[in-house]
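# Fold and geometry: a report
Here are the chains, one letter per residue:
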Amino acid sequence: MTKAPAAQPAGAAGSPIDLSLPLGFCTSVFGHRLALSAQKLRRLARAGATWAEIAGLQEPHVNAYDDERVEELARAAREAGLAVWSW
């Protein structure tokens, strides 16, 4: 007995639909004091993340008024190729 091929979702023209989605995250998952770091952004990008939302309004997470730290995180996101959709 042969196994039937797995069903593929199809679009209006009958062609398969690409169900892959870009991997993203919100940095609020790093909730404790100064938990967000440039190293963590780079590691998440290496793990396949392509998008990030920086939770900058949670001062214990990252102080949005600390210009040096904000620039460090922005630089790390750019260098890692992360698209930041909000801060």
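Our structure is the block above this text.
Okay, so let's go over this structure. (Residues numbered from 1 in each chain as written. Predicted model: local features only at pLDDT ≥ 70, side-chain atom pairs only at ≥ 80, totals over all residues. Heavy atoms only, no water.)

### Structural notes on the sheet that holds strand S1 (residues 23-26)
Ordered by their spatial adjacency, 3 strands build an open sheet running S1-S2-S3, and the pairing between neighbours is parallel. Each end of this open sheet is capped by a strand with a single partner; those strands are S1 and strand S3 (83-86). Across this sheet, the average inter-strand angle for adjacent strands is 25°, counted without regard to direction. (Pairing = 2+ DSSP bridges. Helix = DSSP H or I, 4+ residues; strand = E, 2+ residues; numbered from the N terminus. Axes fitted to C-alpha atoms, helices over the stretch in contact; angles between N-to-C directions.)

### Side note on helix H2 (residues 67-80)
Taking 1.5 Å of rise per residue, the 14 residues of H2 would be expected to cover 20 Å, and the 20 Å separating its terminal C-alpha atoms lies within 8% of that figure. Taken residue by residue, H2 has Arg 69, Leu 73, Ala 76 and Ala 77 as its buried positions. Along the axis of H2, the buried positions cluster into a sector of 100°, meaning they face one direction only. Across from the buried face of H2, at angles greater than 90 degrees, the exposed residues are Asp 67, Glu 68, Arg 78 and Glu 79. Where H2 is buried, its residues meet helix H1 (38-46) and S3. Just downstream of H2 lies Gly 81, where phi reads positive at about 80°. (Expected span 1.5 Å × (residues − 1). Buried < 20%, exposed > 50% of the residue type's maximum accessible area, 1.4 Å probe, protein only. Arc of directions from axis to C-beta. Contact = heavy atoms within 4.5 Å.)

### A look at a negative patch on the surface
There is a patch of like negative charges on the surface, built from Asp 66, Asp 67, Glu 68 and Glu 72. Mapped onto the fold, Glu 68 is located in helix H2. (Patch = residues over 30% accessible without salt bridge, like charges linked within 9 Å, V, L, I, M, F, W, Y side chains within 5 Å. Areas by Shrake-Rupley, 256 points an atom, 1.4 Å probe, with all protein chains shown as cover. Salt bridge = Lys/Arg side-chain N within 4 Å of Asp/Glu carboxyl O. Lys, Arg positive; Asp, Glu negative; His and termini not counted. Charge placed at Lys NZ, Arg CZ, Asp CG, Glu CD.)

### Regarding the packing of aromatic side chains
Remark: the centre distance and the inter-plane angle together describe each pair of aromatic rings, the angle taken between the planes. Under the definition given, this model contains 1 aromatic pair. Between the aromatic rings of Trp 51 and Trp 85, the centroid separation amounts to 6.3 Å while the plane-to-plane angle is 50°, which identifies the pairing as tilted. Pair noted here: Trp 51 is in strand S2 (residues 49-53) and Trp 85 is in strand S3, with a separation of 34 residues, a long-range link. Take Trp 51: its relative accessible area is 35%, and that puts it in the partly exposed class. (Phe/Tyr/Trp six-rings, centres within 6.5 Å; stacked < 30°, edge-to-face > 60°.)

### Describing H1
All of the buried residues along H1 are Ala 38, Leu 41 and Ala 45. Projected down its long axis, H1 carries its buried residues within an arc of 65°, all on one side. Exposed side chains of H1 directed beyond 90 degrees from the buried face belong to Gln 39, Arg 43 and Arg 46. Each element contacted by the buried residues of H1 is listed here: S1, S2 and H2.

### Side note on the packing of H1 against H2
As a packed pair, H1 and H2 sit with axes 9 Å apart at the nearest point and diverge in direction by 20°. In terms of their interaxial angle, H1 and H2 are classed as roughly parallel. Judged by the sense of rotation from one axis to the other, the crossing of H1 with H2 is right-handed. Across the interface between the two elements, Ala 38, Leu 41, Arg 42 and Ala 45 from H1 touch Glu 72, Leu 73, Ala 76, Ala 77 and Ala 80 from H2. When its residues are assigned to classes, the contact of H1 with H2 shows 7 nonpolar, no polar and 2 charged. (Parallel < 35°, antiparallel > 145°, perpendicular 65-115°, else oblique. Left-handed = near helix turned anticlockwise from the far one by under 90°. Nonpolar A, V, L, I, M, F, W, Y, C, P; charged D, E, K, R; others polar.)

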